Amino acid sequence: MILISPRQLLGVRPARRVQVVLSLLLFASSGYAQTSAPAMQGSQPLEQRIGHTDPAKANHLTAVHDGPGALDYRPLLGLTSLDTNLIFFHRGVILPKSGIGQHFHNKCEEMFVILDGEAEFTIDGHTSLIKGPVGVPDVMGHAHAIYNPTDKPIQWLNINVGLSKTYDAFNLGDPRQDAKLDPIPQFMTMHLDRALLKTVEHMGGGTGPVQYRRALPPSVFSSVWSYVGPEGQPCRFHRDGAFCNRI
């Protein structure tokens, strides 16, 4: 279990932060070989395996997958963080008029999540402007992109899970600027709406109630990514009010 406080997760003022839990159960099926996997670090103490958001340590990258502008981000979890097929969990900011160009993944699946603002999400050449907080999964063998058309930075997450520990990508050279917008997204979306939460007592053997919803079921994914249950209230059995991120 990895604990990330709301303040660390968003890196913005408390009054504006969006309280989000990404519960990503990544079951390593015996049917999938974890090739090219480095040695795992499960023996490390818990405090050394917690991912912290630190904007000062972010990488400034331009032309990500041939996309426009720049992103500032860094990995919170990487190849060696878990013994499942999680490849990475990135946390960062998509700068104004910037984004990630359209590209394919054929051996892994990925999901872009924005925690505020709005962004143009693309799946297989279909683009829609969607307000955050929201996530859009990209299933293996499909192309995706994201673009921030606004004048403000967007708080952003990127989660990648593979058939193995090997990452793959095929760029299309398409920045998706000025793309035609579909008023209704022609792809799956994950809206983070606290009004849809349901009370669960003693979740995971804990004390007291939590608010929870499973936003994406296993049928969404083709990899060993099992499901996403993204939203919740603070777990009362954690004294500091941190959120539970089960991976």
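The structure under discussion appears in the preceding block.
For the structure given in this document, a descriptive report is provided here.

Cut-offs applied
- Here the residue numbers are simple positions, counted from 1 along each chain's written sequence.
- The predicted nature of this model means local features are confined to residues of pLDDT at least 70 and side-chain atom pairs, given and counted, to a pLDDT of 80 or more, with totals for whole chains, interfaces and linings taken over all residues.
- Heavy atoms throughout the structure, all of them, feed into the side-chain values; hydrogens and water do not.
- To pair, rings of Phe, Tyr and Trp, with the six-membered ring standing in for Trp, must have centres within 6.5 Å; the planes then decide the type, stacked if under 30 degrees apart, edge-to-face if over 60, and tilted in the middle.
- Each helix is a run of DSSP H or I of at least 4 residues and each strand a run of E of at least 2, with the numbering of both proceeding from the N terminus.
- Note on classification: 1.4 Å probe, protein chains only; a residue is buried when its accessible area is under 20% of the maximum for its type, exposed when over 50%, partly exposed between these limits.
- N or O atoms closer than or at 3.5 Å make up a polar contact, with two conditions inside protein: a donor-capable atom paired with an acceptor-capable one, and, for residues adjacent in sequence, both atoms drawn from side chains.
- One requirement defines pairing of two strands: DSSP has to find at least two bridges between them.

Next up on the list: the packing of aromatic side chains. Applying the stated criterion across every chain yields a total of four aromatic pairs. Relative to Trp156, the ring of Tyr73 has its centre 5.4 Å away and its plane inclined at 75°; by these criteria the two rings are edge-to-face. Residue Tyr73 is found in strand S4 (residues 70-77), and its partner Trp156 is found in strand S12 (residues 154-162); the two are separated by 83 residues along the sequence. By relative accessible area, which is 13% here, Tyr73 ends up buried.

Attention now goes to the environment of Tyr167. One can find Tyr167 in the loop between S12 and strand S13 (170-174). When the C-alpha positions of Tyr167 and Phe88 are compared, they lie 9.4 Å apart, and in sequence the two are 79 residues distant. Polar contacts involving the side chain of Tyr167 include one to the side chain of His65, which spans 3.3 Å.

Another aspect to go through is the sheet that holds S12. One open sheet holds the seven strands; their spatial order is S3-S4-S5-S12-S7-S10-S14, and the pairing between them is antiparallel. Each edge of the open sheet carries a strand with a single partner, namely strand S3 (59-62) and strand S14 (190-191).

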